[in-house]
Amino acid sequence: MIATTLSERRVRSRGGLVGLAVIAAAGLCLPFASAGQPFLLMLASHALIAAILALSLDMLTGNTGLLSFGHAAWYGFGAYVAGLLSKSVSSDIAVLILLTLAATLLVSGAVGAILVRQVGKTFAILTLALSQIMFALVFVFSDITGGEDGLQGIPMATFFGAQIVSPATWYAILLGALLLALAGALHIRRAPLGRAWLAIRENSERARFIGMNVTLLKLISYMISASLASLAGVLFVLFNGATSPDLLHWLESGKVLMYVVLGGVGTIFGPVIGAVVFTLAEHYVSSFTDAWLIYFGALFVLIVIVAPGGLFGGAARIATRLSARKPGRRAAQ
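Residues numbered from 1 in each chain as written. Predicted model: local features only at pLDDT ≥ 70, side-chain atom pairs only at ≥ 80, totals over all residues. Heavy atoms only, no water.

1. Concerning the overall build of the protein chain
Helix and strand content of the protein chain: 14 helices and 2 strands. Taking all contacts inside the protein chain whose residues are at least 6 apart in sequence as the whole, residues at least 24 apart take part in 77%. Carbon together with sulfur atoms contributes 69% to the accessible area of the protein chain, which is approximately 16900 Å² in total. (Helix = DSSP H or I, 4+ residues; strand = E, 2+ residues; numbered from the N terminus. Contact = heavy atoms within 4.5 Å. Areas by Shrake-Rupley, 256 points an atom, 1.4 Å probe, with all protein chains shown as cover.)

What follows is the structure, given as structure tokens:
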């Protein structure tokens, strides 16, 4: 039994490293494939930001089973805080990330201490209410946030005094951020903290019965998830030079949830794939028809029905079946 468990962990560990290597290789090859097509590199950069955002929600929903309907609140929070700090404190990307993450941990810790005590639909509805409160605050403090016009005129990001101008440089930064986030998610999943989260996801009452501090563990998950979403917001506002209240709207939260479900909840790599597929499909399909949401919605429903585990889960199931058939064929020969 112990040997089997150890072998399963080794297989999962190798699978995680292989997946990370595949994403890194694909990401490094893209700039060469998009040579002479700068827009493709820009689109890929937006897909990387969406992938980080999707991973942040999966860190919460996939690990502890807490479903958030308002996860875009932290995405927009990070964007606005970084944008305001950039205009008043520093334009250095490292300083902005550190300050924004500190603010996110502080606020999400205070808010999360109340939210994580709720379960099921109550938690989901409260997260939606939180995002709409933040959305409304943008208009209440329009003198600071820019209101409906959004936050404009963000200074160009710098790193140790050097301005980050090149799209290729931005793409490398975003790819590096995604790979670090994935590596961190994989490490946490294999660590005792990650296993405790999974135990809570499967049965929170049983986890509490064996002595786990379920409330604290959920709060840690919520704070890490919010911080990663906030990081995506920081990268978004610095990359685009502006932000708008749309980042806080419930429609944006619904889109993030679609990323995760499309790719596969709790699979780590699945939400990243879902975010990239959705971002590319949103651009290319919408260029052919204004009713692209109808077609994409139908495709989404079809994928959920045919592959409940998402794109990554469906692909993993097919790979497992193919690998299971090979020994049988060899034995027959």
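2. Some words on the side chain of Thr-158
Within the secondary structure, Thr-158 is located in strand E1 (residues 158-159). Setting aside residues up to four positions removed in sequence, Thr-158 forms contacts with Ser-91, Asp-92, Ile-93, Gln-163 and Ile-164.

3. Re the packing of aromatic side chains
Counted according to the given criterion, the structure contains 8 aromatic pairs. Summarising the aromatic geometry, the rings of Phe-135 and Phe-139 are spaced 5.2 Å apart at their centres and angled 65 degrees between planes, so their arrangement reads as edge-to-face. With Phe-135 and Phe-139 both in helix H5 (residues 120-140) and 4 residues apart, this pair spans about one turn of that helix. A relative accessible area of 18% means that Phe-135 is categorised as buried. Classification of Phe-139 by relative accessible area gives partly exposed; the value is 35%. Each ring, one from Phe-159 and one from Phe-160, has its centre 4.6 Å from the other, and the planes form 80 degrees; the classification is edge-to-face. A network of ring pairs unites the aromatic residues Trp-74, Phe-77, Phe-123 and Tyr-222 as a single cluster. (Phe/Tyr/Trp six-rings, centres within 6.5 Å; stacked < 30°, edge-to-face > 60°. Buried < 20%, exposed > 50% of the residue type's maximum accessible area, 1.4 Å probe, protein only.)

4. Some thoughts on the pattern of salt bridges
If you walk through the whole model with that rule in mind, you get 3 salt bridges. Between Arg-201 and Glu-202 there is a salt bridge; the shortest N-O distance is 3.1 Å. For Glu-202, a relative accessible area of 58% gives the class exposed. Its salt-bridge partner being Glu-282, residue Lys-255 comes within 3.3 Å of it at the nearest N-O pair. Placement of the pair is Lys-255 in helix H11 (residues 250-263) and Glu-282 in helix H12 (residues 269-286), with a sequence separation of 27 residues. (Salt bridge = Lys/Arg side-chain N within 4 Å of Asp/Glu carboxyl O.)

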